[in-house]
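Structure at a glance
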Amino acid sequence: GFQGDRIHARVPSGVARLNTLVNDPFQLSRPDVHDISETIGNDLVGTDHPVLNSAARYFFTPNEDGKGKGKQVRPVMVMLISRAMEDAANVEKSHLPAAHVYKSQRRLAEITEMIHTASLFHDDVIDGADTRRGQPAAHREFGNKMAILAGDYLLARASICLARLRNVDVVECMSTVIEHLVRGEVLQIKDNRTGVADMEGYLRKNFYKTASLMANSCKSAALLRGNVSGEVVDAAYLYGKHIGVAFQLIDDALDFEGSAASLGKPALADLNAGLSTAPVLFAAENHPELVPAMARKFKEQGDIQLALKCIEETEGVRRTKKLAAIHAEKAMDAIVSALE
């Protein structure tokens, strides 16, 4: 199988190693993000159309067993950066009350989650996905048209909330994310139609589809803080970018390791969808016989088995995790150098 040794990123000097009892990011940010889904579902996406209302709230009102609620990685990142900025900012010179800044950053975290969730509605329709977060994908529950409209509605509501922050730089920053989401999806469709992806194109697509939202959300959190240097704003962007790249690489690796229960979607979903992710691309470097199977999107009998064999022989999953660790190190280096 693909279960290999754990790969750990190098931790910069002076930074404490992760301890779930002391500095777990999800526990540290819990007071700031624990009710984000509830706030979005109850206060930000209400509409008088009952079906659209149910669809838009689909991922913000989890079932009793917890299914449907995401990991909220993006809001966690936004609020952790926001708290870190409290020390980096020149509070004495700030013309904004601390409570106002926090409220704006918290709203940014909600906006980030709304944009991400809207992309899930659209992606699942395009990919024909059956499940998401351990429950039926929205388009399986409401139909393709309503799922697309619900995604559009979430983007519209996010845009209104964004405008109300009254920060032109943040509006421009977060608007770029929506453009990038479309670019990333177009690149993926183009790969599906024109042939084999390469590693450079794969990483570019992943930046547009995943890392851009994390990068620009973290940058926006720094901009909302005010009175921080350009170096700190740039560091926040690089932190989000590299975490985003690492996040997607690990997600692609887990597609070969996890179960449907742990992933919230079927294992080998990418291969079955015809996608050549990092483990496949690494394997193809040493197995040119894999390229024709990639070009035909693993549609012929035996193609998926061939891919799995080549990935195992070349340690494609381990190499993917190693690349993710490199990006995690770059993320830590960026934020540590800016805040020390």
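That block above? That's the structure.
Since the model is a prediction, treat every value here as computed from it, not as a measurement.

Quick look at the overall build of the protein
- Within the protein, the secondary structure is distributed over 17 helices and two strands.
- Across the 340 residues that make up the protein, the buried fraction comes to 49%.
- Considering only contacts within the protein whose residues lie at least 6 apart along the sequence, 74% involve residues at least 24 apart.
- Taken as a whole, the protein presents about 16,600 Å² of accessible surface, with 52% of it coming from carbon and sulfur.

Some points on the side chain of Asp252
- If you trace the backbone, Asp252 turns up in helix H11 (residues 230-257).
- On the basis of relative accessible area, Asp252 is assigned to the buried category, the value being 2%.
- Residues within four places of Asp252 in sequence aside, it is in contact with Tyr202, Asn206, Asp270, Thr277, Ala278 and Pro279.

Digging into helix H6 (residues 98-127)
- In a regular helix each residue adds 1.5 Å, so 30 residues correspond to 44 Å; H6 covers 43 Å between its end C-alpha atoms and thus fits that length.
- With 22 of its 30 residues buried, H6 lies for the most part within the structure.
- Of the residues one or two after H6, Gly128 is the one with positive phi, at around 70°.

A closer look at the packing of helix H14 (residues 278-286) against helix H17 (residues 316-339)
- Running from amino to carboxyl end, H14 crosses H17 at an angle of 120°, the nearest separation of the two axes being 8 Å. By the angle between their axes, H14 is oblique relative to H17. The way H14 lies across H17 gives a crossing that is right-handed. Counting all contacts with H14, which are made through Ala278, Pro279, Phe282, Glu285 and Asn286, the residues of H17 involved are Gly316, Val317, Arg319, Thr320 and Leu323.

Notes on the packing of H6 against helix H8 (residues 144-163)
- Look at H6 against H8: their axes get within 8 Å of each other, and the N-to-C directions meet at 160°. The angle between H6 and H8 places the two elements in the roughly antiparallel class. Relative to H8, H6 is oriented so that their crossing is left-handed. Of the residues in H8, those in contact with Arg107, Ile111, Met114, Ile115, Thr117, Ala118, Phe121, His122 and Val125 of H6 are Asn144, Ala147, Ile148, Ala150, Gly151, Asp152, Leu154, Leu155, Arg157, Ala158, Cys161 and Leu162.

Overview of the nonpolar core
- Ranked by internal contacts, the top residues of the largest apolar core, which has 54 residues, are Ile81, Ile115 and Phe121.
- Here the element with the most residues in this core is H8; it accounts for nine residues.
- The contact partners of Ile81, leaving out residues within four places of it in the chain, are Cys218, Ala221, Ala236, Tyr239 and Ile335.
- If you look at the next biggest cluster of nonpolar residues, it comprises 28 residues, including Phe207, Ala211, Cys310 and Ile311.

Brief notes about the pattern of salt bridges
- The tally for this structure, following the rule as stated, stands at 17 salt bridges.
- Where Arg296 meets Asp303, a salt bridge forms, and the shortest distance between an N and an O atom there is 2.8 Å.
- Residue class for Arg296 comes out partly exposed when judged on its relative accessible area of 31%.
- Under the relative-accessibility criterion, Asp303 is labelled buried at 3%.
- When the shortest N-O distance is used, the salt bridge between Lys309 and Glu313 registers 3.0 Å. Of this pair, Lys309 and Glu313 are both found in helix H16 (residues 303-313), four residues apart, which corresponds to roughly one turn of the helix.
- The network of salt bridges with common partners includes Asp35, Arg106, Arg107 and Glu110.

Some details on the environment of Tyr102
- Its place among the elements puts Tyr102 in helix H6.
- The class of Tyr102 is partly exposed, set by a relative accessible area of 28%.
- The spacing of Tyr102 and Arg225 is 123 residues in sequence and 8.1 Å in space, taken between C-alpha atoms.
- Setting aside residues up to four positions removed in sequence, Tyr102 forms contacts with Asp32, Met79 and Arg83.

Rules of the game
- Residues numbered from 1 in each chain as written.
- Predicted model: local features only at pLDDT ≥ 70, side-chain atom pairs only at ≥ 80, totals over all residues.
- Heavy atoms only, no water.
- Helix = DSSP H or I, 4+ residues; strand = E, 2+ residues; numbered from the N terminus.
- Buried < 20%, exposed > 50% of the residue type's maximum accessible area, 1.4 Å probe, protein only.
- Contact = heavy atoms within 4.5 Å.
- Areas by Shrake-Rupley, 256 points an atom, 1.4 Å probe, with all protein chains shown as cover.
- Expected span 1.5 Å × (residues − 1).
- Axes fitted to C-alpha atoms, helices over the stretch in contact; angles between N-to-C directions.
- Parallel < 35°, antiparallel > 145°, perpendicular 65-115°, else oblique.
- Left-handed = near helix turned anticlockwise from the far one by under 90°.
- Core = buried A, V, L, I, M, F, W, Y, C linked by side-chain atoms within 4.5 Å.
- Salt bridge = Lys/Arg side-chain N within 4 Å of Asp/Glu carboxyl O.

Taken by themselves, the reported measurements are silent on function.
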